[in-house]
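One-letter residues, chain by chain:
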Amino acid sequence: GAMAKLWEEVEELQEGLDRLQTYYPVIEAIAAEYDQVYLGNRKAWNAFENKKKLFTVEEGRSGTFYLHPNAKGAHRLAEIWAKSLLDIIKDDMKQ
């Protein structure tokens, strides 16, 4: 029935989120192996979590979802990346 379909869709969305979070160990392994790869700022996740106003509203098989930043979200992400890059440059200049 309708509840079973809804539950299936919720599980599908959770599976996508869980899969996204499995990327961290792979990224950490790559950064550990190559000096030129930086982990970046994980606080960016917190800056976007549960803030739909920073995302583009998209329609998918399971209904509406929010994955990609809109213009305001892209600006916020650029600020986070820029600060992180400046911190790395400053650290490199000290060495």
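Residues numbered from 1 in each chain as written. Predicted model: local features only at pLDDT ≥ 70, side-chain atom pairs only at ≥ 80, totals over all residues. Heavy atoms only, no water.

This brings us to the environment of Val 57. Mapped onto the secondary structure, Val 57 falls in strand E1 (residues 55–60). With 10 residues separating them along the chain, Val 57 and Leu 67 place their C-alpha atoms 8.1 Å apart. Leaving out residues up to four positions away in the same chain, Val 57 has contacts with Thr 64, Phe 65 and Tyr 66. (Helix = DSSP H or I, 4+ residues; strand = E, 2+ residues; numbered from the N terminus. Contact = heavy atoms within 4.5 Å.)

Below, the discussion takes up the layout of surface pockets. Computed from the structure, the largest pocket encloses a volume of approximately 1700 Å³. Put simply, the parts of the chain that give the lining of the largest pocket at least two residues each are helix H1 (2–21), helix H2 (23–33), helix H3 (43–48), E1, strand E2 (63–69) and helix H4 (71–94). By residue number, the principal contributor to the lining of the largest pocket is H1, which donates 8 residues. Split by residue class, the lining of the largest pocket holds 21 nonpolar, 11 polar and 7 charged. (1 Å grid on protein atoms, 1.4 Å probe; cavity = no way out; pocket = protein on both sides within 12 Å on 5 of 7 lines; lining within 4 Å. Points joined across faces, edges and corners; volume = space filled by probe spheres on them. Nonpolar A, V, L, I, M, F, W, Y, C, P; charged D, E, K, R; others polar.)

Before going further, it helps to examine unusual backbone geometry. Its identity is not glycine, yet Asn 50 carries a phi of approximately 60°, on the positive side. Tracing the backbone shows Asn 50 in the loop between H3 and E1.

Before going further, it helps to spend a moment on the nonpolar core. By size, the foremost hydrophobic cluster in this structure holds 7 residues: Ala 44, Ala 47, Phe 48, Leu 54, Phe 55, Leu 77 and Ile 80. Of all the secondary structure elements, the ones that give two or more residues to this core are H3 and H4. Considering each element in turn, this core owes the most residues, 3 residues, to H3. Those residues in contact with Ala 44, other than ones at most four positions away along the chain, are Leu 77 and Ile 80. (Core = buried A, V, L, I, M, F, W, Y, C linked by side-chain atoms within 4.5 Å. Buried < 20%, exposed > 50% of the residue type's maximum accessible area, 1.4 Å probe, protein only.)

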